[in-house]
2 protein chains.
Amino acid sequence: MNINVKEILSDYAEMTEEAMFKYLPKTDCLQGTLVKAMRYSLSAGGKRLRPALVMEFCRVCGKEPETALPVACAIEMTHTFSLIHDDLPCMDDDDLRRGKPSCHKAFGEAEAVLAGDALAILPYEIIAEAGIKNRISGDAALKIIRLLSELSGCKGMTGGQMIDLESENKNVSEAVVLEMYRMKTGALLEFCCKAGCIAAGAGAAQQLAAGSFGQRLGLAFQITDDILDVISDEKTLGKPVGSDAAEGKCTYVKIAGVEKAKQTALSITKQAIEQLSEFNDTDFLRELALSLTDRKF
Amino acid sequence: MNINVKEILSDYAEMTEEAMFKYLPKTDCLQGTLVKAMRYSLSAGGKRLRPALVMEFCRVCGKEPETALPVACAIEMTHTFSLIHDDLPCMDDDDLRRGKPSCHKAFGEAEAVLAGDALAILPYEIIAEAGIKNRISGDAALKIIRLLSELSGCKGMTGGQMIDLESENKNVSEAVVLEMYRMKTGALLEFCCKAGCIAAGAGAAQQLAAGSFGQRLGLAFQITDDILDVISDEKTLGKPVGSDAAEGKCTYVKIAGVEKAKQTALSITKQAIEQLSEFNDTDFLRELALSLTDRKF
């Protein structure tokens with residue numbers, strides 16, 4: 001195996017960062033603070049996992065990864081919007097994000113609400129434009145837009161965050177926690193993998209397999225997040241640990257314990273990897289899936 | 001003149017309300033509270049001015065108003081999202097909206113953030129679906145999606161709200177206030193009028209005239225809002241009066257005074273009406289424009 005997951009991730013991250021900021025207006029306008037706040041949160045880094053999944057699935061479906069670059073930029077914005085609103089005082093009230101002050105700490109609460117709103121909206125302009133300019137087909141653009149709206153809205157990510165809120169300080173079942181994770185985290189990763197296929201013009205079977213891969217990756221990723229919140233430290237993680245328990249969050253780890261959670265994450269990851277048989281040249285995707293369960297931050 | 005503006009508005013409102021709620025998920029799901037909060041704010045009524053503009057411009061471009069019904073529902077959701085977030089404690093901190101408790105008063109602050117997010121996202125699924133199912137052409141759907149994202153995001157409505165925030169308790173020029181209004185209120189009305197034309201397959205000249213009509217209608221509408229905040233009472237208006245001054249808001253009335261503001265609203269309305277020469281059968285649009293400047297609430 002001569003796959004270097006970190007290196008490939010970093011290449012995709014570079015492509016994304018080079019393209020992503022060009023979609024923002026200049027900051028020398030009357031609403032410059034808004035653009036600065038959007039830029040600040042988009043710059044906060046992270047693994048850029050979502051853009052990588054979009055472009056890699058486009059590649060394993062036989063098209064240049066660049067074809068899906070606008071979609072990759074779009075999903076990183078959707079993800080960032082959700083982080084900004086998630087950190088707000090009325091939500092998780094997190095002062096730190098990736099080791100830096102969260103958006104409302106740096107810019108103020110109203111500014112963070114608006115920056116999140118703007119980053120929730122901009123992705124649709126980017127994808128529609130890619131369709132209108134024939135970078136991807138118009139049909140693909142419409143299907144990707146519908147999918148993003150479905151999987152990030154009330155039936156997907158945003159719905160999952162509401163379940164998360166309502167589960168605080170309650171005893172909920174394992175099934176409810178897993179459904180919450182499916183929506184809160186799985187839905188957006190499902191989007192990434194499926195949208196990469198759609199951008200490449202792939203058929204239904206590949207779209208379905210990619211969606212299942214992303215869905216399961218999201219579950220394993222979220223369970224691993226919960227584990228790290230219990231066993232990691234603030235320096236390694238770049239944010240405070242133990243916050244789930246402090247906030248009365250209902251997590252899979254709380255229900256099942258760390259050891260069972262580790263096993264579950266691993267077995268869901270294996271299920272994810274099985275979906276890759278629909279594609280060729282999937283070493284990176286397999287190693288990426290394994291590394292996400294095995295990560296330290 | 002046998003045009004009854006109220007009656008036609010009410011017919012369009014009925015069409016919108018009949019169609020709009022069908023796009024929401026059922027409330028008997030794990031994220032039921034989110035759907036209830038979305039439904040609550042969408043039900044709060046109002047004139048449904050924006051859907052009426054979308055459908056009426058589709059009609060004066062020669063197509064059935066129903067063709068643009070999905071777009072009409074979508075824009076009412078975008079408008080409602082902006083109201084929910086605008087009312088938040090960290091924004092305008094308004095407890096009342098159209099005489100009822102605002103969303104965060106009825107459901108909680110985190111819930112209101114999420115309900116706004118979900119209503120910001122859902123419109124794109126609705127418009128994309130209309131294009132995929134050929135209710136409007138795929139090309140029209142992409143152009144309408146791009147326009148909605150542009151005019152409601154950082155370059156439009158959301159950008160205008162940021163300017164509004166930053167102008168509080170400051171002396172800003174008439175030009176800045178008018179630019180703020182253009183973005184905060186004009187952009188969404190520009191969208192409505194233009195999108196109705198695009199849905200009908202109208203050409204560039206009609207799109208341009210419709211956009212200018214909407215833009216000016218928005219300016220006049222916002223100036224009238226400011227005037228009413230000074231001269232109306234809470235019972236007639238359905239929300240507290242004098243809140244602009246109390247919040248240190250920078251308004252056109254504050255800069256120009258009530259009398260000049262009334263004149264400006266009227267002269268901008270006349271400019272709007274001149275744009276209608278690109279269309280036939282525009283009695284309703286003309287009377288509507290005049291009635292918006294002349295309204296009591």
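Shown above is the structure to which this text applies.
Since the structure is predicted, the reported quantities are computational estimates derived from the model, not experimental observations. (Residues numbered from 1 in each chain as written. Chains lettered and ligands numbered in written order. Predicted model: local features only at pLDDT ≥ 70, side-chain atom pairs only at ≥ 80, totals over all residues. Heavy atoms only, no water.)

### Here's the deal with the overall build of chain A
On a plain count of helices and strands, chain A comes out with 15 helices and two strands. Taking 19 Å as the expected radius of gyration for a compact globule of 297 residues, we find that chain A reaches 18 Å, a close match to that expectation. Along the first, second and third principal axes, the C-alpha atoms of chain A reach 50 × 50 × 35 Å. Residue burial in chain A is summarised as follows: out of 297 residues, 62% are buried. (Helix = DSSP H or I, 4+ residues; strand = E, 2+ residues; numbered from the N terminus. Rg over C-alpha atoms; globule rule 2.2 N^0.38 Å. Buried < 20%, exposed > 50% of the residue type's maximum accessible area, 1.4 Å probe, protein only.)

### A look at the packing of helix 1 (residues 5-20) of chain A against helix 4 (residues 69-87) of chain A
Residues and elements named next belong to chain A. Remark: helix 1 packs on helix 4, axes separated minimally by 9 Å, with the N-to-C direction vectors making an angle of 85°. Classified by the interaxial angle, the pair formed by helix 1 and helix 4 is roughly perpendicular. Across the interface between the two elements, M15, T16, A19 and M20 from helix 1 touch L69, C73, E76 and M77 from helix 4. (Axes fitted to C-alpha atoms, helices over the stretch in contact; angles between N-to-C directions. Parallel < 35°, antiparallel > 145°, perpendicular 65-115°, else oblique. Contact = heavy atoms within 4.5 Å.)

### Considering the nonpolar core
Among the nonpolar cores identified, the biggest contains 178 residues, and L53 and F57 of chain A together with L53 and F57 of chain B are the most heavily contacted of them. Apart from the residues lying within four places of it in its own chain, the contact partners of L53 of chain B are L189, C192, C193, F213, L217, L285 and L288 of chain B. (Core = buried A, V, L, I, M, F, W, Y, C linked by side-chain atoms within 4.5 Å.)

### Focus: the interface of chain A and chain B
Each side of the interface is counted separately: chain A has 48 residues, and chain B has 48 residues. For the side of chain A that touches chain B, the secondary-structure elements that each account for two or more residues are helix 2 (32-43), helix 4, helix 6 (109-132), helix 7 (138-152), helix 8 (157-167) and helix 9 (174-199) of chain A. The element best represented in the side of chain A that touches chain B is helix 6 of chain A, accounting for 15 residues. Its residues assigned to classes, the side of chain A that touches chain B shows 26 nonpolar, eleven polar and eleven charged. (Nonpolar A, V, L, I, M, F, W, Y, C, P; charged D, E, K, R; others polar.)

### Quick notes on the side chain of S152 of chain B
Counting through the fold element by element, S152 of chain B comes out in helix 7 (residues 138-152). Residue class for S152 of chain B comes out buried when judged on its relative accessible area of 0%. At 2.7 Å, the side chain of S152 of chain B and the backbone oxygen of L148 of chain B are in polar contact. Once residues within four sequence positions are removed from consideration, S152 of chain B is found in contact with I121 of chain A together with T78, Y124, M157, T158 and L188 of chain B. (Polar contact = N/O pair within 3.5 Å; in protein donor to acceptor, adjacent residues only side chain to side chain.)

### Considering helix 3 (residues 49-60) of chain B
All names here are of chain B. Compared with an ideal rise of 1.5 Å per residue, which puts twelve residues at 16 Å, helix 3 spans 16 Å between its outermost C-alpha atoms and is within 8% of the ideal. Every buried residue of helix 3 is listed here: L49, R50, P51, A52, L53, V54, M55, E56, F57, C58 and V60. Turning to helix 3, the residues buried within the fold contact helix 1 (5-20), helix 4 (69-87), helix 9 (174-199), helix 10 (204-231) and helix 15 (283-293). (Expected span 1.5 Å × (residues − 1).)

### Topic: the packing of helix 2 (residues 32-43) of chain B against helix 6 (residues 109-132) of chain B
Any two packed helices are characterised by the angle at which their axes cross and by the distance between the axes. Residues and elements named next belong to chain B. Across the interface, helix 2 lies against helix 6 with an axial gap of 9 Å and an inter-helix angle of 75°. The angle between helix 2 and helix 6 falls in the class roughly perpendicular. Only E111, L114, A115, A118, L119 and L122 of helix 6 make contact with helix 2, whose side of the interface consists of T33, L34, A37, M38 and L42. Considering only residue class, the contact of helix 2 with helix 6 consists of nine nonpolar, one polar and one charged.

### A closer look at the relation of the copies chain A and chain B
For the pair chain A and chain B, the best superposition has an RMSD of 0.0 Å and corresponds to a rotation of 180° with a translation of 0.0 Å parallel to the axis. Such a combination of rotation and displacement between the chain copies is what one expects of a two-fold axis. The share of interface residues of chain A whose copies in chain B are also at the interface is 100%, consistent with both copies meeting through the same surface. (Least-squares fit on C-alpha atoms with pLDDT ≥ 70 in both.)

### With respect to the pattern of salt bridges
Between side chains of opposite charge, pairing is possible as soon as their charged atoms come close. Applying the stated rule across the entire model yields 36 salt bridges over all chains. Between R97 of chain B and D87 of chain B there is a salt bridge whose closest N-O contact spans 2.9 Å. With R97 of chain B in strand 1 (residues 96-97) and D87 of chain B in helix 4, this pair connects stretches of sequence that are ten residues apart. In terms of burial, R97 of chain B and D87 of chain B fall into one category: buried. Between R286 of chain B and E287 of chain B there is a salt bridge, and its shortest N-O distance comes to 3.8 Å. With a relative accessible area of 23%, R286 of chain B lands in the partly exposed category. Owing to a relative accessible area of 23%, E287 of chain B belongs among the partly exposed residues under this scheme. Via salt bridges that share partners, D92, D164, E168, K184 and K249 of chain A belong to a single interconnected network. (Salt bridge = Lys/Arg side-chain N within 4 Å of Asp/Glu carboxyl O.)

### Focus: the state of the cysteines
Tallied over the entire structure, the rule returns zero disulfides over all chains. Of the cysteine sulfurs around C90 of chain A, a residue in no disulfide, the closest is that of C90 of chain B, at 7.2 Å. Residue C61 of chain B stays outside any disulfide, its sulfur separated by 3.6 Å from that of C197 of chain B, the closest cysteine. We classify C61 of chain B as buried; its relative accessible area is 17%. (Disulfide = S-S within 2.5 Å.)

### Thoughts on the packing of aromatic side chains
For the coordinates displayed, the defined rule picks out nine aromatic pairs over all chains. Summarising the aromatic geometry, the rings of Y124 of chain A and Y124 of chain B are spaced 4.1 Å apart at their centres and angled 5° between planes, so their arrangement reads as stacked. Here Y124 of chain B lies in helix 6 and Y124 of chain A lies in helix 6, a pairing that spans two chains. Relative accessible area serves as the criterion here: at 0%, Y124 of chain B is assigned to the buried category. An aromatic cluster of at least three residues, connected via ring pairs, comprises F57, F213 and F279 of chain A. (Phe/Tyr/Trp six-rings, centres within 6.5 Å; stacked < 30°, edge-to-face > 60°.)

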